[in-house]
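# Working through the structure, step by step
Listed below are the residues making up each chain.
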Amino acid sequence: MAGLSRLVTARMRPGRPGAPLTTTGLVVVVGLVVVLAFGQQYAGSVLVLAFTYAIVTTGMAVQIGFSQQIAFSQSVFMGLGAYGAALLNTHLNLPTLAAAPVVMAGSGLLALLLGSVVTRASGLALAVATIMLPLIATGYVSSAGYLGGSVGMPLAGNLWQASSPELIAAGNGVITVIALGLVVFVASRILNSDVGLELYALGVDERTAASMGISTPRRKLELFVLGSMFASLGGAVYAGTQLFVPATLVGSAAELSLLIMLFVGGRRSIIGAVAGALAVEYVSGASEWVSVNILLVEGALITVVLLVDPEGLAGIAATARARLRERRRGSGGLAEVPGPADTAGAAADAADAAGAAGAAGAGRLRVTDWAPASAPASGTGVPLLECAGVSKDYGGLHVLDAVSLTLPARGRYGLCGPNGAGKSTLLGVIGGTVSPSAGRVLLGGTDVTGLQPQQRFYLGMSRTFQAVHLITGRTVLDNVAVSCLRSQRSSLAAGIAGSRLGEARDKAAEALDYLGMRGLSGREVSSLTLESQRMVEFARAIAPRPRLLLLDEPAAGLSEPQRDRLSGVLHALGEVTCVLLVEHDLGLVAQITERIFVLDYGRLVFQGSPAEFNDSAVVNSLLIGQ
Amino acid sequence: MMKFGNLVVAGIVTGSIYAVFAVCVAVWYRVSNILNLAVGDFAMTGALGVDYLSRVENWPLPLSILATLAAVAAFGYCYDRVVLSLAQDRLRRHEGIVVTFFFTFALSFFIEGIAQILFGTNVHAAPALWPGNSLNLGGGLNIVRAGILVLACAVISGGMFALYIRYTLSGKAIEASGENYLGARIVGIDTRRYRRSIFVITALLAAIFGIVESPITGYTYISGAVISLTGFIAAAYGGFRHPARALVAGLAIGVLEALLGGYVSAEYGDTVMYAILAALVLARPRAMGFESAVSN
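Residues numbered from 1 in each chain as written. Chains lettered and ligands numbered in written order. Predicted model: local features only at pLDDT ≥ 70, side-chain atom pairs only at ≥ 80, totals over all residues.

What follows covers the overall build of chain B. Helix and strand counts for chain B come out as twelve helices and two strands. Moving toward the C terminus, one meets the helices and strands of chain B in the order α-α-α-α-β-β-α-α-α-α-α-α-α-α. A principal-axis box enclosing the C-alpha atoms of chain B has dimensions of 60 × 50 × 35 Å. Looking at chain B as a whole, 51% of its 296 residues are labelled buried. Sequence-distant contacts, at least 24 apart, represent 77% of the contacts inside chain B between residues at least 6 apart. (Helix = DSSP H or I, 4+ residues; strand = E, 2+ residues; numbered from the N terminus. Buried ≥ 20, exposed ≤ 12 C-beta atoms within 10 Å, placed from the backbone. Contact = placed C-beta atoms within 7 Å.)

Structure follows, in structure tokens:
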């Protein structure tokens, strides 16, 4: 029993994907045992219902939990699956089991159509746009006579046809568990693959994900289709086990109960999503009083669980397990505790820094190693980057005013200016996250003004942002590997078939080696100090070997030794590639760069060498205040 | 033409219901970055509480109203002190979608559960505050008396919040709390106090509104959820942070709903309206104020 509980908590740890086979095996074995043991009792029917909902919540964990795409469309597709199976069974005499794949395919198609419109929105806009879907569906279902109106629709076909009620109940239960096992397997295969790592990145921040070459619109659409297909499978199973499709299966209340299951269980854990469905269904069937006062109970339940841990039951189990291990091993186990454990982090960082004392030197030695990967030797005389008359207005505010600058294929360039001068906006325009009001951006002679950040990434552009955006729950190695995936042509389905994560991890390891950070590669990122996290971001930016590296305040928050390391690395990189950095530390800029641009009120007021920069009256009055 | 006019009048009355809740959602989101999806439940509590005390317990109407409002305020205060303090004021704050949606979802469920036990499941309404037949506005236009109170309530509360945020020092402080919680605390703004007081004020406002409005529609223990949802949608079209825009959006949704119900189909009117609203978000997210609501 102790072994089982260890297995459960290990699989439940939020944020980390469990190994697909163990996770699936666990769900199927436990599911079969309980269904066969309690199948003939009242508890058995509650369990089967819970497993049915778990099919839906597993899809939600991938879509809403890991990828942070908050779409309120699950109950609609669950309803579609249930009504679809009921209609096919009643009118075409199709067995419910055979109807399930049909309705899944239908839902997939509909989700593709609907999703290609809906998933253009992101964040709260996506939530608001999709919250209309259950409202529209309820309106339709409750007045559609052929679906049984506001009552619902009965059907005759069990999932499993047999002669005795006992066999039917057992067969229904087994099929439900197998369907759940299938869904869990697919979900954890995806999360473990290279495409899955992209989904994690999408969950951190869409803009950052796009700048690392992730085709965010495509992934969002695929997620929508996946979640919808799982939901419709859940619906078909519901119809085939309950033999009645209530109109309340669709709607905002149903949507909420599904979300409550997900959040009680733990949104970033597959096993958690299953456990949440079980917990909520078990509690609601526990007694007469509870089922009458279900609203009160659910309200109190979710408040308490989320107060204890925002990652739900999965988070609670993981913390409990970490505590237990800590007690068993003494303080030595601290490094394994997920969450901010800065003391351990600092110790490891110090050890790492000592080991990498000569990182800058090492970088200089192996300078030719870091030549850009995609280096179509741009024709002589063609600059690498050219901004021509770039302007950006927000309403009446001119943030950038006809800025023109050119950068050659190699070298280190600095962009300075007072706060609000437009430095980050210019970096955004070059990187593709901000679209200019006027002007053009050319990369190696090609006009990229209209291209998305992910398209520019594949042309050899890579960047860091001011704020740290790392994937918590994954290792340093995986965080760096995100930018080496090159999975833009893979689909989620390819993620089920196999993973190309290995290659990306090899490239990431090279980058970490280059920066002398190999010692950190197995660490979970949230256990690192802020400066190490920044260095991980930097490693992620250089790992794909870009032609143009855009850095937004790379030295902010770094310690003196790390600053030196960074400047050594930048020196080396500048020999083979083009580096443009925005930086407030003027000493660092003058020390590292060979040419400096100064922005003020959106205009380029100075450009020249560090020596000219130091002597310039304009620069002194602007930046130093003399 | 008369039909059109009456539909618009009815739409404005319904719209002002949405508008008030949208204003409540927007103002509190501005302070706390939490979407309050329990506002509708405070309205329901107000209406059913007054009904219960005056009709079943035979208390005089003014006393019933005062007692109900006091209960709502006390509950709001305790909820903030216990749940929100635990969720927000500890060392590790809850951030993101969990806070944005779930704590107040849960609160909504909780209040509805209590209301079910206290008030039962039938439709009730507080006694009308301004009894009498519909007023004739001339030209065949009619408006229910409670509707005038509702509209007045909406305009006054929305306008006051907008002026408050724009022109007073504490209004600015509220804005700062929502923009940057930690930064606001560092410059000496007691974000917790603002969060708590605005929460209690919006709960009271919603309760008063429920009392005024309930004679028109009648409430059950689950009526609050629908109102909160529409208020949430209206607030979304106002960019979640702007009470004045939320007010306008609420009114517009009400009029649209009435016109669709009157001219398109009584049965599918709402369905069409939600489809139009969804299309608007997708076609013009920026113009609808969504970019500013998404904080990265």
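Counting its secondary structure elements, chain A contains 27 helices and twelve strands. A total of 626 residues make up chain A; the buried ones form 56% of that total.

Listed as interface residues are 36 residues of chain B and, on the opposing side, 33 residues of chain A. The set of elements that each furnish at least two residues to the side of chain B that touches chain A consists of α3 (61–88), α4 (97–119), α9 (223–237), α11 (269–283) and α12 (290–293) of chain B. Split by residue class, the side of chain B that touches chain A holds 28 nonpolar, five polar and three charged. (Nonpolar A, V, L, I, M, F, W, Y, C, P; charged D, E, K, R; others polar.)

What follows covers the domain arrangement of chain A. Residues and elements named next belong to chain A. Segmenting chain A into domains produces domain 1 (15–318) and domain 2 (362–624). Computed from C-alpha atoms alone, the centre-to-centre distance between domain 1 and domain 2 is 41 Å. Facing the 27 residues of domain 1 at the interface are 33 residues of domain 2. Those elements that place two or more of their residues in the side of domain 1 that touches domain 2 are α7 (165–192), α8 (194–204), α9 (206–211) and α10 (216–242). The element contributing the most residues to the side of domain 1 that touches domain 2 is α8, with eight residues. Split into classes, the residues belonging to the side of domain 1 that touches domain 2 amount to eleven nonpolar, eight polar and eight charged. (Domains from an automatic or database assignment.)

What follows is about the sheet that holds strand β8 (residues 461–463) of chain A. Across a sheet, strands are paired by hydrogen bonds formed along the backbone, either parallel or antiparallel in direction. All names here are of chain A. With respect to topology, six strands assemble into an open sheet ordered β8-β9-β10-β5-β11-β12, the strand pairing being mixed. Two strands close off the open sheet at either side, each with one partner strand: β8 and β12 (603–608). Looking at each pair of strands side by side, their axes are set apart by 20° on average, direction ignored. Relative to strand β10 (residues 578–582), strand β9 (residues 548–552) runs parallel, the two being bridged by five bridges. When the sheet's bridge partners are listed, L549 is paired in β10 with V579. (Pairing = 2+ DSSP bridges. Axes fitted to C-alpha atoms, helices over the stretch in contact; angles between N-to-C directions.)

Bringing the packing of helix α1 (residues 2–32) of chain B against helix α8 (residues 191–217) of chain B into the picture now. Residues and elements named next belong to chain B. For the pair α1 and α8, interaxial distance at closest approach is 9 Å and the crossing angle is 175°. The angle between α1 and α8 falls in the class roughly antiparallel. Of the residues in α8, those touching α1 at I17, V20, F21, C24, V27, W28, V31 and S32 are Y194, R195, I198, F199, T202, L205, A206, F209 and E213. Within the contact of α1 with α8, the residues separate by chemical class into 13 nonpolar, two polar and two charged. (Parallel < 35°, antiparallel > 145°, perpendicular 65-115°, else oblique.)

All names here are of chain A. With five of its five residues buried, β9 lies for the most part within the structure. The side-chain alternation of β9 yields two buried faces, one formed by L548, L550 and D552 and the other by L549 and L551. Bridge analysis of β8 against β9 gives three bridges, and the strand direction is parallel. Residue pairing in the sheet places S462 in a bridge with L549 of β9.

Bringing the environment of A:R410 into the picture now. Residues and elements named next belong to chain A. With respect to the secondary-structure elements, R410 resides in the loop between β4 (397–407) and β5 (411–416). The exposure class of R410 is partly exposed, given the 16 C-beta atoms found within 10 Å. If near-sequence neighbours (up to four positions away) are discounted, R410 is found in contact with G574, E575, V576, T577 and C578.

What follows is about the confidence of the model for chain A. Residue and element names in this part refer to chain A. Confidence in the prediction of chain A, expressed as mean pLDDT, is 85, and 89% of residues score 70 or more. By mean pLDDT, helix α17 (residues 359–365) is the weakest element of chain A at 41, and helix α4 (residues 74–92) is the strongest at 96. Every residue in residues 332–348 scores below 50 in pLDDT, and together they form 29 contacts with partners more than four places removed in sequence or on other chains. For the stretch residues 350–368, pLDDT sits under 50, and the model shows 28 contacts to residues farther than four places along the chain or on other chains. (pLDDT = per-residue confidence, 0-100.)

A few words on the environment of A:L623. Residue and element names in this part refer to chain A. With respect to the helices, strands and loops of the structure, L623 is situated in helix α27 (residues 617–624). The spacing of L623 and S107 is 516 residues in sequence and 59 Å in space, taken between C-alpha atoms. Those residues in contact with L623 that sit more than four places away from it in its chain are C416, P418 and L586.

Further remarks concern helix α6 (residues 124–143) of chain A. Here α6(A) is 20 residues long and its end C-alpha atoms lie 30 Å apart, about the 28 Å a rise of 1.5 Å per residue gives. Burial of α6(A) is extensive: 17 of the 20 residues sit out of reach of the surface. (Expected span 1.5 Å × (residues − 1).)

In this section: the sheet that holds strand β3 (residues 385–394) of chain A. The strand order across the open sheet formed by four strands is β4-β3-β6-β7 (chain A), and the pairing between neighbours is antiparallel. Single-partner strands in this sheet number two, and they are β4 and β7 (446–447) of chain A.

The next point concerns the confidence of the model for chain B. Residues and elements named next belong to chain B. Here chain B averages 84 in pLDDT, while 94% of its residues score no lower than 70. Averaged over each element, pLDDT in chain B is lowest for α12 (50) and highest for helix α2 (residues 39–56) (93). Between residues 292–296, whose pLDDT stays under 50, and residues either more than four places distant or in other chains, the model counts twelve contacts. Across the interface, the model reports ipTM at 0.85; the global pTM reads 0.86.

We now examine the packing of α3(B) against α8(B). Residue and element names in this part refer to chain B. The contact between α3 and α8 brings their axes to 9 Å, and the two run at 150°. The handedness of the crossing between α3 and α8 is right-handed. Contact residues: I65, T68, L69, V72, A73, G76, Y77, D80 and L84 in α3; R195, R196, F199, V200, A203, L204, A207 and I211 in α8. Looking at the contact of α3 with α8, its residues break down into twelve nonpolar, two polar and three charged. (Left-handed = near helix turned anticlockwise from the far one by under 90°.)

All names here are of chain A. Residue N93 is not a glycine yet carries a positive backbone phi of 55°. By secondary structure assignment, the location of N93 is in the loop between α4 and α5 (96–118). Residue N93 is classed as exposed on the basis of its C-beta count, with 9 C-beta atoms lying within 10 Å. Phi is positive for A402, which is not a glycine, with a value near 50°. Tracing the backbone shows A402 in strand β4. Residue A402 is classed as partly exposed on the basis of its 15 C-beta neighbours within 10 Å.

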